[in-house]
Amino acid sequence: MTLLGPATRLTIIIGESDQWRHRPLYTEIVHRAHAARLGGATVLRGIEGFGKSSRIHTARLVSLSEDLPVMIVIVSSRERVEAFLPQVEDLVTEGLVMVEPVEVIKYSGR
């Protein structure tokens with residue numbers, strides 16, 4: 001897939017312990033994004049954060065959290081992201097889902 005110029009970024013923030021059929025939810029999302037032939041996906045593990053519940057999750061040794069924030073960032077064409085959103089809506093029951101336009105400057109692999 002060639003991805004230069006205008007594109008769309010889909011950002012999903014969920015908890016690390018969120019599951020989909022006994023599998024990490026972030027893994028399910030990445031595998032579905034791959035199957036949908038989206039441009040690329042990256043999972044980032046947060047070290048601290050809070051959401052709608054206002055409960056702070058942290059990786060500090062004093063309070064080892066088992067549910068740190070996880071952010072899945074997916075970049076692809078607007079059309080492919082929009083076609084993928086119904087799957088995200090089915091999978092993500094708690095968390096934050098954002099869609100925003102981006103400009104891809106470089107997209108290359110090995």
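The structure under discussion appears in the preceding block.
What counts, and where the lines are drawn
Residues numbered from 1 in each chain as written. Predicted model: local features only at pLDDT ≥ 70, side-chain atom pairs only at ≥ 80, totals over all residues. Heavy atoms only, no water. Helix = DSSP H or I, 4+ residues; strand = E, 2+ residues; numbered from the N terminus. Buried < 20%, exposed > 50% of the residue type's maximum accessible area, 1.4 Å probe, protein only. Contact = heavy atoms within 4.5 Å. Areas by Shrake-Rupley, 256 points an atom, 1.4 Å probe, with all protein chains shown as cover. Lys, Arg positive; Asp, Glu negative; His and termini not counted. Charge placed at Lys NZ, Arg CZ, Asp CG, Glu CD. Patch = residues over 30% accessible without salt bridge, like charges linked within 9 Å, V, L, I, M, F, W, Y side chains within 5 Å. Salt bridge = Lys/Arg side-chain N within 4 Å of Asp/Glu carboxyl O. Pairing = 2+ DSSP bridges.

Trainee: Would you take a moment to explain the overall build of the protein for this structure?
Mentor: Along its length, the protein carries two helices and six strands. Its C-alpha atoms give the protein principal-axis dimensions of roughly 45 × 30 × 30 Å. Taking all 110 residues of the protein together, the buried fraction comes to 34%. A sequence separation of at least 24 residues applies to 77% of the contacts in the protein between residues at least 6 apart. Accessible area of the protein: about 7,600 Å², with a carbon and sulfur share of 54%. Taking the average location of the 13 positive side-chain charges in the protein and that of its 13 negative ones, the two points are 6 Å from each other.

Trainee: When you look at a nonpolar patch on the surface in this model, what are you seeing that I'm missing?
Mentor: Taken together, the side chains of Met1, Leu4 and Tyr107 make up a nonpolar region of the molecular surface, amounting to roughly 310 Å² of accessible area. Its place among the elements puts Leu4 in the segment before β1 (5–15).

Trainee: Even after reading the chapter, I still don't get the pairing of β1, so can you show me in this structure?
Mentor: For a regular strand, side-chain orientation follows a simple rule: the groups alternate between the two sheet faces. In terms of burial, β1 is a largely internal element, eight of the 11 residues being buried. Here β1 pairs with strand β5 (residues 69–76) via eight bridges, running antiparallel. Residue pairing across strands places Ile13 opposite Met71, the latter belonging to β5.

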